Protein chains: 2
Amino acid sequence: MQGPVCPIPLRHDEQVVLGHGSGGSMTHNLVRNLFYAAFDNGPLLAGDDSAMLDWPEDGRLAVTTDSHIVSPLFFPGGDIGRLAVCGTVNDLAMVGAKPLGLTAGFILEEGLPIVTLQAVIESMRLAATEAGIRIVAGDTKVVERGKGDGVFINTSGIGWVPFGREISGRNAQAGDVVLLTGPIGDHGIAVLVARGGLALESDVLSDVAPLNLLVESLLSTVPDVHVLRDPTRGGVATALNEIARQSSVAIQLDEAAIPVNPSVESACELLGLDPLYVANEGKALIVLPQAQVEAALNLLRSQRYAEGSVQIGTVRAAPAGRVLMRTAIGGTRVVDTLAGEMLPRIC
Amino acid sequence: MQGPVCPIPLRHDEQVVLGHGSGGSMTHNLVRNLFYAAFDNGPLLAGDDSAMLDWPEDGRLAVTTDSHIVSPLFFPGGDIGRLAVCGTVNDLAMVGAKPLGLTAGFILEEGLPIVTLQAVIESMRLAATEAGIRIVAGDTKVVERGKGDGVFINTSGIGWVPFGREISGRNAQAGDVVLLTGPIGDHGIAVLVARGGLALESDVLSDVAPLNLLVESLLSTVPDVHVLRDPTRGGVATALNEIARQSSVAIQLDEAAIPVNPSVESACELLGLDPLYVANEGKALIVLPQAQVEAALNLLRSQRYAEGSVQIGTVRAAPAGRVLMRTAIGGTRVVDTLAGEMLPRIC
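Since this is a predicted model, take the numbers as computed values, not measurements.

Colleague: Is there a simple way to explain the packing of helix α5 (residues 186–194) of chain B against helix α8 (residues 262–271) of chain B in this structure?
Modeller: If you want to describe how two helices pack, look at the angle between their axes and the distance between the axes. Residue and element names in this part refer to chain B. For the pair α5 and α8, the least separation of the axes is 10 Å and the interaxial angle reads 60°. It follows that α5 is oblique to α8 by the angle criterion. The way α5 lies across α8 gives a crossing that is left-handed. Contacts between α5 and α8 involve Asp 186, Ile 189 and Leu 192 on the former and, on the latter, Val 264, Ala 267, Cys 268 and Leu 271. Each residue belonging to the contact of α5 with α8 can be placed in one class, and the counts come to six nonpolar, no polar and one charged.

Colleague: What is the right way to read the pattern of salt bridges from this model?
Modeller: Pairs can form between side chains of opposite charge once their charged atoms are near each other. Scanning the entire structure with this criterion turns up 39 salt bridges over all chains. Across the pair Asp 48 of chain A and Arg 170 of chain B runs a salt bridge, and its minimum N-O distance is 3.2 Å. With Asp 48 of chain A in the loop between α2 (42–45) and β1 (51–54) and Arg 170 of chain B in the loop between β7 (151–161) and β8 (176–180), the pair connects residues from two separate chains. For Arg 170 of chain B, a relative accessible area of 43% translates into the label partly exposed. Two residues, Lys 147 of chain B and Asp 149 of chain A, come together in a salt bridge whose shortest N-O distance is 3.9 Å. Placement of Lys 147 of chain B in the loop between β6 (135–143) and β7 and of Asp 149 of chain A in the loop between β6 (135–143) and β7 (151–161) is noted, with the two residues assigned to different chains.

Colleague: Would you take a moment to explain the pairing of strand β10 (residues 250–254) of chain A for this structure?
Modeller: Successive residues of a regular strand alternate their side chains across the two faces of the sheet. All names here are of chain A. Burial of β10 is extensive: four of the five residues sit out of reach of the surface. Relative to strand β12 (residues 310–316), β10 is paired through four bridges, and the arrangement is antiparallel. Within β12, the position partnered with Gln 252 by the bridge is Thr 314. As defined by bridge partners, β10 adjoins strand β13 (residues 323–326) across four bridges and the pair is classed as parallel. Directly across from Leu 253, in β13, lies its bridge partner Met 325.

Colleague: Quick question: what am I supposed to make of the relation of the copies chain A and chain B here?
Modeller: One copy of the chain maps onto the second through a rotation about an axis and a displacement along it. Mapping chain A onto chain B calls for a screw motion: a turn of 180° about the axis and a shift of 0.0 Å along it, with 0.0 Å RMSD after fitting. The transformation just described matches what one would write down for a two-fold rotation axis. Across chain A, the rotation axis passes nearest the C-alpha of Gly 148 of chain A, at a separation of 2.2 Å. Taken together, the interface assignments show that 100% of the residues at the interface of chain A recur at the interface of chain B, consistent with an identical surface on both copies.

Colleague: Would you take a moment to explain the sheet that holds strand β2 (residues 60–68) of chain A for this structure?
Modeller: Adjacent strands of a sheet pair through backbone hydrogen bonds, lying either parallel or antiparallel. The strand order across the open sheet built from five strands is β6(A)-β5(A)-β7(A)-β2(A)-β1(B), with neighbouring strands paired in mixed fashion. The open sheet is flanked by β6 of chain A together with β1 (51–54) of chain B, the only strands paired with a single partner. Adjacent strand axes in the sheet meet at a mean angle of 20° when their direction is disregarded. Where strand β5 (residues 98–109) of chain A lies against β6 of chain A, eight bridges are found, and the strand directions are parallel. Bridging from a neighbouring strand, Phe 106 of chain A pairs with Thr 140 of chain A of β6 of chain A.

About the criteria used
Residues numbered from 1 in each chain as written. Chains lettered and ligands numbered in written order. Predicted model: local features only at pLDDT ≥ 70, side-chain atom pairs only at ≥ 80, totals over all residues. Heavy atoms only, no water. Axes fitted to C-alpha atoms, helices over the stretch in contact; angles between N-to-C directions. Helix = DSSP H or I, 4+ residues; strand = E, 2+ residues; numbered from the N terminus. Parallel < 35°, antiparallel > 145°, perpendicular 65-115°, else oblique. Left-handed = near helix turned anticlockwise from the far one by under 90°. Contact = heavy atoms within 4.5 Å. Nonpolar A, V, L, I, M, F, W, Y, C, P; charged D, E, K, R; others polar. Salt bridge = Lys/Arg side-chain N within 4 Å of Asp/Glu carboxyl O. Buried < 20%, exposed > 50% of the residue type's maximum accessible area, 1.4 Å probe, protein only. Pairing = 2+ DSSP bridges. Least-squares fit on C-alpha atoms with pLDDT ≥ 70 in both.

As structure tokens, then:
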């Protein structure tokens, strides 16, 4: 993507039109004014069909992709731009990868105000800066009014995993401990409240945050981590079920140990939602040997985005593939994967 | 993405519902039944937040992304699935990269028939097999009826570029020659005709094809290639303008040398379109030294998807950044970048 020699400045009151997706001079102008200005880096500005990245040293490549369709675009604590960057950075971090670069593919709806797009891009720029990652390739398409919904953003990411680092949902072992980096459900409830129409007032902020620096700190102090997973769509319950199945182990949770902010708890009660299934965008589940728990919790609690880290459960041999919960009143119940859709378009 | 132990078979008459985007058991079931079945490979099936790829040897990484919103989803010669795979494979090939892996991010509209999705995925599987590339990571989101348009697909790609291979839009030099691998405009016209309502009958097929094997053959015979570019949105005119600007050179085209299939030509005449601006999805522009032209054309004409390769122009020092065309009647005119939108949602 190479622009005209002098891009024409966009007017403040401009809207996205189909020509912004033509691949011609209007696309170039949009890309130069908004994207190149925000994501200013060598590989992106080279303007070829693919961005070129140097390869740091031996290791493995981690690759991930996520499309973001959250509605509304802006919500307390974040917006689709911050979400798109953090979602993909976190997917890389969850296999112990250091992000090398992100791509951003935009599907814009005709009529979108340029200032809205600008705000989303600024938010992506800030999140990328915070995470220390570059957005190295992009694409812009435009669909007619009524064939999209403002902005959809796909972010794909590439990361580098040093040889010897083996973090996977397949690695949980009986005797391991499950940690969680803080209270659950904030993102889902913040987005839900932002939709309005619920007669619900709330001060809940989305937890959307990049976790890659946190994970690097953790792994440099406690390298023996077996599993990392961020409990996004489907929440903690679904993420733990995935791990239990991948590793063929049982996970036993302690209900009283799972932190939930009081305003999330009361919103969930009002709406009949179980916070275990509500999406998070700045939390991690960590499965590691019992012997590492103290060192891990000490490290985590000293880090931004993990001050509220706690132990929430343990890994057992049986029943394989199941998540069980010891309830506050002393019983045990099965915690299943989310069935159907609880909160559409939460990310 | 890990599914239930036994995925429930999808019914033939099923439609996409919001629950297919929940991240819970319905998403798992869809992913297992359709995506894992079609794109069966180790990195994908590992089911972690990022796929892990081995790194072959020293070199550089190429990274690219493209969102596909073509309308209609199926058109003569191809569909959105083949387009999504080929578009990204070709962007990698155009910097001389060998594809290592593709990601696929789906945004589905509620109500999409599962059989339609299945046909698109089968088409992606066939194109990936033809190109010899694996789809190693994916994501599925669902939007409400009327907030999308059937299927949008983002494909991002990662490739490996051997050290010493330097192919870029910045490398065109005065004295170089411009080759084109075949007749132009087929994709754009095929999609336009497929939309109907034009009172236009035509036998034009889209040229959508993966060019990576062709490019590898070319580079192994003629390594001294300066620029490769696929003239997609905006057509040959826009792609050459990009190269002229990136390299600060002039490109002089010979109108009579530019191949256009007769049915494309007559459709363009009827519709008032200039084939130079119509999208292609299986053609490459090749800029290389005069001394390499004969070897390159011999090689290209022996290869699938490049049988119709010809020389269409030359590179000059001035006027820098401009594309000029010697017309059939002997004059010279400026060929500018596409302004505005000629054919929305062509890819």
